[in-house]
Amino acid sequence: MSQQPKPLIRRSDDVEYEDVGAADGMRKGVLIDESRGAPNFAIRRFELDPGASVPEHTNEVEHEQYVLAGEYTVGIEDEEYTVSEGDSLLIPAGVVHWYRNDGDEPGAFICAVPNGDDEIELAE
């Protein structure tokens, strides 16, 4: 029988951000995941500096995103979308996508994924 997770409040000051390896100017903070007792999902917060870009890649798992701040471009397959605060995205598993912030303001978004391994593969 699985144990019921405990409620959790995590303060923004407690979140550590690290640079995302393949992306110059992008940082990731893991807000809640398995290591904090969440049984199913992880939520992460990403920051995208002005002028930053993230190369084309795929993820092994789906991810849902919610734009918190700024305006930036997201490429999904062969389409480009300008997204800004309040917009939501679904990027299915295995779909090629990328990011670019051409603006003067930092971009930020929340990304929810299923717990477990999420292998990221750079597109050729």
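Quick caveat: nothing in here was measured; it's all calculated off a predicted structure.

The next subject is the pairing of strand β7 (residues 88-91). Taking every second residue as pointing to the same face, the buried face of β7 carries L89 and I91, while none of S88 and L90 on the other face is buried. Judged from the 4 bridges that link them, strand β4 (residues 63-69) and β7 form a sheet pairing that is antiparallel. Bridged to E64 within β7 is L90.

Per-residue confidence for the protein gives a mean pLDDT of 92; residues scoring 70 or more make up 95%. Taking the mean pLDDT of every element in the protein, the minimum, 72, falls on strand β10 (residues 120-122) and the maximum, 98, on strand β6 (residues 79-84).

We now examine the UniProt feature "domain: Cupin type-2" (unreviewed entry) in the protein. As annotated by UniProt and renumbered to match this structure, "domain: Cupin type-2" (unreviewed entry) occupies residues 45-112. Along residues 45-112 one finds 0% helix and 71% strand; the C-alpha atoms at either end are 9 Å apart.

Turning next to the nonpolar core. Generally speaking, nonpolar side chains in soluble globular proteins are found buried as a group. M26, L48, Y72, V74, Y99 and F109 are the most contacted members of the largest nonpolar core, which totals 20 residues. For this core, the elements supplying multiple residues, two or more each, are β3 (41-59), β5 (71-76), β7 and β9 (107-114). Beyond its immediate stretch of four places on either side in the chain, Y72 contacts L48, V67, Y81, T82, V83, Y99, R100, N101, G107, A108 and F109.

Here the focus is the packing of aromatic side chains. What characterises a pair of aromatic rings is the spacing of the ring centres plus the angle enclosed by the ring planes. Across all of its chains, the model carries 4 aromatic pairs by this definition. Centre to centre, the rings of Y72 and Y99 are 6.4 Å apart; their planes meet at 55°, and the pair counts as tilted. Of this pair, Y72 sits in strand β5 while Y99 sits in strand β8 (residues 97-100), and the two are 27 residues apart along the sequence. Neither residue differs from the other here; Y72 and Y99 are each classed as buried. The interplanar angle of 35° and the centroid separation of 5.9 Å between the aromatic rings of Y72 and F109 together place this pair among those described as tilted. In this pair, Y72 sits in strand β5 while F109 sits in strand β9, placing the two residues 37 residues apart along the sequence. Exposure class is identical for Y72 and F109. Each is buried. Taken together, F46, Y72, Y99 and F109 form an aromatic cluster joined through their ring pairs.

Another aspect to go through is the pattern of salt bridges. Evaluation of the coordinates by the stated rule reveals 5 salt bridges. With a closest N to O distance of 3.7 Å, R100 and E80 form a salt bridge. Note that R100 is positioned in strand β8 and E80 in strand β6, a separation of 20 residues in sequence. Residue E80 is classed as exposed on the basis of its relative accessible area of 51%.

Calculation criteria
- Residues numbered from 1 in each chain as written.
- Predicted model: local features only at pLDDT ≥ 70, side-chain atom pairs only at ≥ 80, totals over all residues.
- Heavy atoms only, no water.
- Buried < 20%, exposed > 50% of the residue type's maximum accessible area, 1.4 Å probe, protein only.
- Helix = DSSP H or I, 4+ residues; strand = E, 2+ residues; numbered from the N terminus.
- Pairing = 2+ DSSP bridges.
- pLDDT = per-residue confidence, 0-100.
- UniProt positions renumbered as here; feature names shortened; annotations may be inferred.
- Core = buried A, V, L, I, M, F, W, Y, C linked by side-chain atoms within 4.5 Å.
- Contact = heavy atoms within 4.5 Å.
- Phe/Tyr/Trp six-rings, centres within 6.5 Å; stacked < 30°, edge-to-face > 60°.
- Salt bridge = Lys/Arg side-chain N within 4 Å of Asp/Glu carboxyl O.

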